[in-house]
Amino acid sequence: MPVALAAVLQVGFLVLLLAAVHVPLGNYMAGVYSGKRHLRAERAVYRIGGIDPDSDQHWSVYARSLLAFSAVSILVLYLLLRLQAYLPLSLGMTGLAPDGAWNTAVSFVTNTNWQWYSGESTMGHLAQMGGLAVQNFLSAAVGIAVAIALVRGFARQGTDRIGNFWVDLVRGTVRILLPIAFLAAIVLVIGGAVQNFDGAREVTTITGEPQSIVGGPIASQEAIKNLGTNGGGFFNANSAHPFENPTAWTNLVEIFLLLVIPFSLPRTFGRMVGNHRQGTAIVSVMATLWLAAVTITTWAEMRGFGTVPGAAGGAMEGKELRFGPAASALFGASTTGTSTGSVNSFHDSYTGLGGGVTLLNMMLGEVAPGGVGAGLYGMLVMAVLAVFLAGLMVGRTPEYLGKKIGRKQVTLVALYILTMPTLLLAGAAITAASPALVDASVQESGPHGLTEILYAYASTVNNNGSAFAGFGANTPYQNTALGLAMLFGRFVPIALVLALAGSLASQRKVSETTGTLPTHGPVFVGLLGFVVLIVAGLTFFPALALAPLSEALL
Amino acid sequence: MSAFLKQSLAGLRVLLVMTVILGLGYPLAVYGVGALMPARANGSPVVVDGETVGSSLIGQTFDGDEWFRTRPSVAGDGYDPLASGASNLGPENPDLLATVQARRAEVAEREDVDPDRVPVDAVTASGSGLDPHISPEYADLQVERVARVRGLSDAVVADLVAQATTSPELGFLGAPRVNVVELNAALLALEE
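Residues numbered from 1 in each chain as written. Chains lettered and ligands numbered in written order. Predicted model: local features only at pLDDT ≥ 70, side-chain atom pairs only at ≥ 80, totals over all residues.

- As recorded in an unreviewed UniProt entry, chain B goes by Potassium-transporting ATPase KdpC subunit and comes from Occultella aeris.
- Reading the Subunit (unreviewed entry) entry of the UniProt record for chain B gives the comment "The system is composed of three essential subunits: KdpA, KdpB and KdpC."
- Per UniProt, the comment on chain B under Sequence similarities (unreviewed entry) is "Belongs to the KdpC family." (UniProt positions renumbered as here; feature names shortened; annotations may be inferred.)

- As recorded in an unreviewed UniProt entry, chain A goes by Potassium-transporting ATPase potassium-binding subunit and comes from Occultella aeris.
- Its UniProt record gives chain A a comment under Subcellular location (unreviewed entry), which states: "Cell membrane".
- Database annotation for chain A, UniProt heading Sequence similarities (unreviewed entry): "Belongs to the KdpA family."

As structure tokens, this is what we get:
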């Protein structure tokens, strides 16, 4: 079969799978967050936590619960990493230094999974499964909870209550993430992903040399790391490692996992606001942008533009043979379009154009389709902006789903949209302006070096976690600064989204008139896609022109 | 502030319960199911004459002329599972360009072929540094040398290559590939 045809069939097969699953999964998730009944296991958790699961929270209380839970999570994970030498299953690994433990604790609690370390030489099994993997579940559940709270803001009226954070957290974990992750982990074991509690086992190879075959609870972590759009690899090589991603078909399973919840949540949204066409419009924009990114990246990697790929006969540096360029590009475009950041091939060695698309994907704010929850609330914020812009053009009061978009809502949206670029460009500028910081971390000279810096801050502020890994991130300055980038990049937008949810929920719905902009047709889909591109384009074009664009044109 | 503290205590208790469920219960449950397929869950070992000589998923370094070579690796000193990873060198990097050109010349000389016939996987390092596979083209290039050094016919060695070759799953997933660890293990078994 010609490789181009195989590449098209692979994407088509994935789209069919997602199209088949997103309706039932989206409906199921809507039921999970709307139902009144609690499972017995959930009641037990609420009792231990001292929580009244039937009390609805004001948005500020919801935000306070979320921030308190995340603060405690960071602290506990920090202590676990610092003290791992004294804990069981440490495999003889030492505790982490303060700057590294801070960075990793923030990284996993913010759903980023930026990794300055190599798992196989830094983390014992308890740190991996009892610390990092636990946050893979919980940070994902937090993201979905925020999206659901915003959807309730649109769906409810005349109330200042947007749900109960603890209930949303526990249900998302127990009823959505855990069952899917369990099934997926078993599928990965069938494919050859390792699941045991061994350390490194010494074997004598075919030629009589020693080799250490590593073990660990890998499949269980691999499943949730992709499903929860987390991305932190058990090993340094992440999903390129054969024990994490053994075959070409497990590779497709993993890509499916990292896309399935983000592409299903618009259905949940449509169902909860009582109009499926609204969800269809949102998912259409997400799918179009994702497909465009996949197409460009795949084309660039299969053609192998650039000096080294030209001399080698293809862009295979940093890629696994069992995947090849097409399946690598599909993974790369999907992991940066969601907020996952797991990689099955190394973006630093991608062609200038292919690597540039992975960077641009993050700069769009990761809304195509975005991280679990974060993608939906990011796209809904953009939809509010699109409605507002359309309202300005025709001189009418803008409204979305019957809620007026007034001064307060637009202020919150504007602050949301400014947060990510401000943190990204300020962080990257500080590093780029300091010769000492450049010397300490930047590997390549010229535009590729600037891309490495931009990529690091785009990845952390957007809670992605992938890297142009030539960038030496393990310095006390970068560990601290990137940790702050992840922290503010996650929780400032979340606080703004919850405030927006509260302000929307308290409004009464206005009825549609002939002057109302329909937000479910192709016109709105086009407008929303255009707004996403134009906001990112206006913000980042100068930086992109200096870095990947000039590299691609060199 | 006291409200925040109260929420934090609730959060701590929820976190601890969840850690037991997600951090211990979940991986143990997957481990339990994995125990039904021990070879897969334990890294797909390759066994020759009762001895485990590696994993079919993890590549090894093969230096002698009697072996099929794997791809270049930058994991430690080559195929070190304790140091998985890629070069991360960019598409315009002059050092990487020189390395690729040197690898091409070396492979062409070793296999006694025109440098233009050396395939891309022979001159690039993989993402994991542990890639056990090479392309059928790179394997074909090596058949004659391995057969000559081992005193076997080309047909016998080519047959072993065919047995170690996997086609793309469903016809369109991944690339055709030859597992070098399994191939060389078959050569070792033939010796004994």
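Read on, since the account is not over.
Section: the domain arrangement of chain B
And then number 1: Partitioning chain B into domains gives domain 1 (1-42) and domain 2 (44-87 + 126-189).
And then number 2: One C-alpha centre belongs to domain 1 of chain B, the other to domain 2 of chain B; they are set 39 Å apart. (Domains from an automatic or database assignment.)

Looking at the pairing of strand 2 (residues 210-213) of chain A
Put simply, side chains in a regular strand alternate between the two faces of the sheet.
All names here are of chain A.
And then number 1: Side chains Q211 and I213 of strand 2 all project onto a buried face; the interleaved residues P210 and S212 project onto a face where none is buried.
And then number 2: Two strands pair when backbone bridges link them, and strand 1 (residues 201-204) and strand 2 are joined in this way by 4 bridges, in the antiparallel orientation. Of the residues in strand 2, the one forming a bridge with R201 is I213.
And then number 3: Between the antiparallel neighbours strand 1 and strand 2 lie 5 residues, among them G208 with a positive phi of about 85°. (Buried ≥ 20, exposed ≤ 12 C-beta atoms within 10 Å, placed from the backbone. Helix = DSSP H or I, 4+ residues; strand = E, 2+ residues; numbered from the N terminus. Pairing = 2+ DSSP bridges.)

Re the interface of chain B and chain A
Accessible area lost on assembly of the parts is the figure often given for the size of an interface.
And then number 1: The interface is formed by 84 residues belonging to chain B together with 94 residues belonging to chain A.
And then number 2: Elements supplying a minimum of two residues to the side of chain B that touches chain A: helix 1 (2-34), helix 2 (38-41), strand 2 (51-55), helix 3 (94-111), strand 3 (133-134) and helix 6 (180-191) of chain B.
And then number 3: No other element matches the 23 residues that helix 1 of chain B contributes to the side of chain B that touches chain A.
And then number 4: When grouped by side-chain class, the residues that make up the side of chain B that touches chain A number 45 nonpolar, 31 polar and 8 charged. (Contact = placed C-beta atoms within 7 Å. Nonpolar A, V, L, I, M, F, W, Y, C, P; charged D, E, K, R; others polar.)

A look at unusual backbone geometry
All names here are of chain A.
And then number 1: Here the amide bond leading from A368 into P369 is cis, since omega sits at -5°, within 30 degrees of zero.
And then number 2: When you line up the elements, P369 lands in the loop between helix 13 (352-363) and helix 14 (374-394).
And then number 3: In this structure, N238 takes a positive phi of about 55° despite not being glycine.

With respect to helix 17 (residues 447-461) of chain A
Residue and element names in this part refer to chain A.
And then number 1: With 15 residues, helix 17 should cover 21 Å at 1.5 Å per step; its first-to-last C-alpha distance of 21 Å lies within 8% of that length.
And then number 2: The element helix 17 is largely enclosed, with a buried count of 15 among its 15 residues.
And then number 3: One or two steps after helix 17, the chain reaches N463, where phi turns positive at roughly 60°. (Expected span 1.5 Å × (residues − 1).)

Side note on the UniProt feature "transmembrane region" (unreviewed entry) in chain B
And then number 1: In the UniProt entry, the feature "transmembrane region" (unreviewed entry) is given for residues 12-37 of chain B.
And then number 2: Measuring from the first to the last C-alpha atom of residues 12-37 of chain B gives 37 Å, for a span that is 88% helix and 0% strand.

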